Amino acid sequence: PVSESAYTKGVSLYNTRKFADALAIFETGKIESTQAANAAYYRALCYHQLGRIKEAAAAYLYVFSKYPQSPAAKNSLKTLAVLDPASAA
């Protein structure tokens, strides 16, 4: 069987509320380039769910600055506007 990608595994862990485990996967960087924007967004979501708000805000900002045209960037900006309106502006 084909082994699931790191991205798929991370999303699966996130969806079962294993945020710290998911974060560890998204931080290893072994993500295919086609999934990089989404993986970076999930990384921010993991920080957010773990209550690490400063890191979450920085991670959302990273997604927006690195992948400005992606849907993940739009979602990041929306969340950032709530978390940290100053940096979203």
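This is a predicted model, so every value here is computed, not measured.

About the criteria used
Residues numbered from 1 in each chain as written. Predicted model: local features only at pLDDT ≥ 70, side-chain atom pairs only at ≥ 80, totals over all residues. Heavy atoms only, no water. Buried < 20%, exposed > 50% of the residue type's maximum accessible area, 1.4 Å probe, protein only. Helix = DSSP H or I, 4+ residues; strand = E, 2+ residues; numbered from the N terminus. Arc of directions from axis to C-beta. Contact = heavy atoms within 4.5 Å. Polar contact = N/O pair within 3.5 Å; in protein donor to acceptor, adjacent residues only side chain to side chain. Salt bridge = Lys/Arg side-chain N within 4 Å of Asp/Glu carboxyl O. Axes fitted to C-alpha atoms, helices over the stretch in contact; angles between N-to-C directions. Parallel < 35°, antiparallel > 145°, perpendicular 65-115°, else oblique. Left-handed = near helix turned anticlockwise from the far one by under 90°. Nonpolar A, V, L, I, M, F, W, Y, C, P; charged D, E, K, R; others polar. Core = buried A, V, L, I, M, F, W, Y, C linked by side-chain atoms within 4.5 Å.

Draft legend 1. Up close: helix α1 (residues 6–15). Three or more residues of α1 are buried, namely Tyr 7, Gly 10, Val 11, Leu 13 and Tyr 14. Viewed along the axis of α1, the buried residues span an arc of 160 degrees, placing them on a single side of the element. Those residues of α1 that are buried lie in contact with α2 (19–28) and α3 (36–49). Where α1 terminates, the next one or two residues include Arg 17, which has phi positive at roughly 65 degrees.

Draft legend 2. Focus on the side chain of Ser 70. Along the polypeptide, Ser 70 turns up in the loop between α4 (53–66) and α5 (71–83). What makes Ser 70 buried here is its relative accessible area of 12%. Within polar-contact distance, the side chain of Ser 70 engages the backbone nitrogen of Ala 73 at 3.0 Å.

Draft legend 3. Just the pattern of salt bridges, in detail. Enumeration over the complete set of coordinates arrives at 2 salt bridges. Across the pair Glu 27 and Arg 43 runs a salt bridge, and its minimum N-O distance is 3.9 Å. In this pair, Glu 27 is assigned in helix α2 and Arg 43 in helix α3, connecting sequence segments 16 residues apart. We classify Glu 27 as partly exposed; its relative accessible area is 43%.

Draft legend 4. Structural detail: the packing of α3 against α5. Packing of α3 against α5 brings their axes to within 9 Å, and their N-to-C directions diverge by 25 degrees. Between α3 and α5, the angle is such that the two are roughly parallel. Handedness of the α3/α5 crossing: left-handed. For the pair α3 and α5, the contacting residues are Ala 37, Asn 38, Tyr 41 and His 48 in the first and Ala 72, Asn 75, Ser 76, Thr 79 and Leu 83 in the second. Of the residues assigned to the contact of α3 with α5, the class counts are 4 nonpolar, 5 polar and no charged.

Draft legend 5. Main features of the nonpolar core. Counting 27 residues, the largest nonpolar core has Tyr 7, Tyr 14, Phe 26, Tyr 42 and Tyr 60 as the members making the most contacts within it. Of all elements in the fold, only α1, α2, α3, α4 and α5 reach the threshold of two or more residues within this core. Of all the elements, α3 adds the most residues to this core, at 9 residues. In this view, Tyr 7 contacts Phe 26, Ile 31, Gln 35, Asn 38, Ala 39 and Tyr 42; residues no more than four positions away in its chain are not counted.

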